[in-house]
Amino acid sequence: MPKIIPNSFGRYLLKGLLMTFNIGSAVPTTMTLNKMTPAAMKDILLAFDVFPTQLDNVPNYPITVEYRAGSVNFGTNFTETQVYEIPTQLSWPVEENMRKEKKLFTMLLYGPDVPTRENPLKKYHWIHWIIINIPGNSWRKGQVVTEYRAWQPFYTNDVHRCIYLVYPQEAEEPIVYNETIVTTTSSDELRGFFNKDVFARKYNLEMPYAINFFQLHLNGSEEEGNIWN
């Protein structure tokens, strides 16, 4: 199965961005992401059909995500083995007013391409990971309500987008979470019947604030690395 790449318009649009921002590469990208503007992110998200199909707005900031195998850089290709363990680093900018307010955030990682990108279950997403009540960007101090798991049985042997989103929590007080905590051994139904928008409304999350995404290649559908190979 060929890689998921931008359509012809998106490919033309992103050639300049590729040279400027090294989009899709699995190399350290902290400085690259620091240069990313909302306009550049919008172009990338349009090309990969993340905006407006998955989002009503373009987040203001990129999320820095580092795995042992490399960095997530808006479309980086990874195999399941490469993202088997949780990232070694997660970070996003925290605006000064939010820092002063001691703003809490929710981070989630979800997959919209179930069972395939061409024929997804539009009402549901596969949820890989949720952390709530994160103080600023100190994600290790947040409350894990869905443990990290890259593998899921409903993906076909294909290429699937996996999207990181960070939301500011509207309330000053931490979210009181009374639902089942999803562990790595929990029933797949608890992960497979997730809807990010329903979750955001239920817990009074603000609009998505930061984003990044990678492409998960299953059973060697393509080699990891640059999306433009």
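These figures come from a predicted structure and were not determined experimentally.

Undergrad: Could you give me a rundown of the overall build of the chain, with the residues and numbers involved?
TA: A count of helices and strands for the chain gives 6 helices and 10 strands. A burial count over the chain gives 54% of its 229 residues as buried. Within the chain, contacts between residues at least 6 apart in sequence are counted, and of these 78% link residues at least 24 apart. Just so you have it, the chain exposes about 10,900 Å², and 52% of that area is on carbon and sulfur atoms.

Undergrad: Requested: an account of the sheet that holds strand E5 (residues 89-91), with residues and values cited.
TA: If you trace the 3 strands from one edge of the open sheet to the other, you get E3-E2-E5, paired in antiparallel fashion. For this open sheet the edge positions go to strand E3 (70-71) and E5, each flanked by a neighbour on one side alone. In this structure, strand E2 (residues 64-67) lies alongside E5, joined through 3 bridges in antiparallel fashion. Counterpart to Glu66 in the pairing with E5 is Gln89.

Undergrad: Outline the pattern of salt bridges, supporting the account with residue identities and numerical values.
TA: With the rule as written, the count across this model stands at 6 salt bridges. The shortest N-O distance in the salt bridge between Asp188 and Arg149 comes to 2.9 Å. Here Asp188, found in the loop between strand E9 (159-168) and helix H5 (189-192), pairs with Arg149, found in the loop between strand E8 (143-146) and E9; they are 39 residues apart in sequence, far enough to count as distant.

Undergrad: I'd like a rundown of the packing of aromatic side chains, residues and numbers included.
TA: Under the counting rule described, the total for this entry stands at 16 aromatic pairs. Aromatic side chains Phe105 and Tyr209 sit 5.4 Å apart centroid to centroid with 45° between the ring planes, which places their arrangement in the tilted category. With Phe105 in strand E6 (residues 104-111) and Tyr209 in the loop between helix H6 (196-202) and strand E10 (210-217), the pair connects residues that are 104 residues apart, well separated along the chain. The interplanar angle of 45° and the centroid separation of 5.5 Å between the aromatic rings of Phe194 and Phe199 together place this pair among those described as tilted. Summarising the burial analysis for this pair, Phe194 and Phe199 share the class buried. In this structure an aromatic cluster arises from ring pairing among Tyr67, Phe78, Trp129, Trp139, Tyr148, Tyr164 and Phe214.

Undergrad: Before we move on, can you summarise the nonpolar core with the specific residues and values?
TA: Within the largest apolar cluster, 31 residues are counted, with the highest numbers of intra-cluster contacts made by Leu45, Phe74 and Ile211. Counting residues per element, the ones that place at least two in this core are helix H3 (38-47), E6, strand E7 (126-135), E9, H6 and E10. No other element matches the 5 residues that H3 contributes to this core. The next biggest cluster of nonpolar side chains, apart from the first, holds 30 residues, and it includes Trp92, Met107, Ile134 and Trp139.

Conventions adopted
- Residues numbered from 1 in each chain as written.
- Predicted model: local features only at pLDDT ≥ 70, side-chain atom pairs only at ≥ 80, totals over all residues.
- Heavy atoms only, no water.
- Helix = DSSP H or I, 4+ residues; strand = E, 2+ residues; numbered from the N terminus.
- Buried < 20%, exposed > 50% of the residue type's maximum accessible area, 1.4 Å probe, protein only.
- Contact = heavy atoms within 4.5 Å.
- Areas by Shrake-Rupley, 256 points an atom, 1.4 Å probe, with all protein chains shown as cover.
- Pairing = 2+ DSSP bridges.
- Salt bridge = Lys/Arg side-chain N within 4 Å of Asp/Glu carboxyl O.
- Phe/Tyr/Trp six-rings, centres within 6.5 Å; stacked < 30°, edge-to-face > 60°.
- Core = buried A, V, L, I, M, F, W, Y, C linked by side-chain atoms within 4.5 Å.

By themselves, these observations are geometric and do not establish any function.
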